[in-house]
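# Per-entry structural report
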Amino acid sequence: METVFFKGQACHTCGTVPGIGETAPCFHLSGPDLSQVLCSDFAGKRVVLNVFPSLDTEVCARSVRRFNEEAANLDDVVVVCVSMDLPFAMGRFCTIENIKNVVFGSAFRSPLFGQKYGLQLVDGPLAGLLTRAVIILDENRRVIFRDVVEEITNEPAYDAALKVLRKEV
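Rules used in this analysis
- Every chain is numbered on its own, with residues counted from 1 as its sequence reads.
- At least 70 in pLDDT is required for a residue's local features to be given in this predicted model, at least 80 for side-chain atom pairs to be given and counted, and no such filter applies to totals for whole chains, interfaces and linings, which use all residues.
- Just so you know, side-chain values use all the structure's heavy atoms and leave hydrogens and water out.
- When the sulfur atoms of two cysteines come within 2.5 Å, that pair is taken as a disulfide.
- A run of DSSP states H or I qualifies as a helix once it reaches four residues; a run of E qualifies as a strand once it reaches two. Both are numbered from the N-terminal end.
- Between buried and exposed lies partly exposed: a residue is buried under 20% and exposed over 50% of the maximum accessible area for its type, with that area taken using a 1.4 Å probe on protein chains only.
- Put simply, a nonpolar core is a bunch of buried Ala, Val, Leu, Ile, Met, Phe, Trp, Tyr and Cys residues held in one set by side-chain atoms that sit within 4.5 Å of each other.

On to the state of the cysteines, then. For the structure shown, the criterion picks out one disulfide. Across a sulfur-sulfur distance of 1.6 Å, C26 and C39 are joined as a disulfide pair. Torsion about the S-S bond of the C26 and C39 cystine: about -65°, corresponding to left-handed handedness. Here C26 is found in the loop between β2 (9–12) and β3 (28–30), whereas its partner C39 is found in the loop between β4 (36–38) and β5 (46–51), with 13 residues between them in sequence. Residue C26 is classed as partly exposed on the basis of its relative accessible area of 30%. Residue C11 stays outside any disulfide, its sulfur separated by 14 Å from that of C60, the closest cysteine. Of the cysteine sulfurs around C81, a residue in no disulfide, the closest is that of C94, at 8.3 Å. The class of C81 is buried, set by a relative accessible area of 0%.

This is the structure in structure tokens:
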């Protein structure tokens, strides 16, 4: 269980986020067109899991925009933006924001994603949604970076994540 905060109120997650060096669980998500988004789709690539509560908040939307601009342009890197938002909302956001460099994956049909990754909030005002985190997987699905954002209303550590992706650390 992870402890995070929403506007200062302690919230907890189900399970534990995979640690550095661990093999991350495979995932099955739903794309904006209801297609499957599977971990196997990204074999041989580094995967940035940009996880957040909802695209309907400015902080979540900013994280998608930032990774769309920066990380998605790196070689052999795919950014998968994950939330419990419905796929239709994700598709609408992509269209309105002209987002083309990231993959959206809704966990609305995949509660095991939040549980296996230790990111599903089990209490507090956002219970049932995913907490904010960035997890980077190497080509073999091993965790090489993890940032579970302590205060959900804050943005993730973009610069630290980008350094790992650029192999500057």
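So much for the structure itself; the text now carries on.
Moving on, we get to the nonpolar core. Grouped burial of nonpolar side chains is what soluble globular proteins tend to show. Ranked by size, the top nonpolar core spans 29 residues in total, and within it F27, L49, V82, F113 and Y117 carry the most contacts. Within the residue set of this core, elements represented by two or more residues are β1 (3–6), β5, β6 (77–83), β8 (133–137) and β9 (143–148). Grouped together as the second largest cluster of nonpolar side chains are 25 residues, V48, M90, V102 and L165 included.

Even without glycine at this site, L34 takes up a positive phi of about 75°. Accessibility expressed as a relative area gives 40% for L34, which makes it partly exposed.

Keep in mind these values describe shape, not function.
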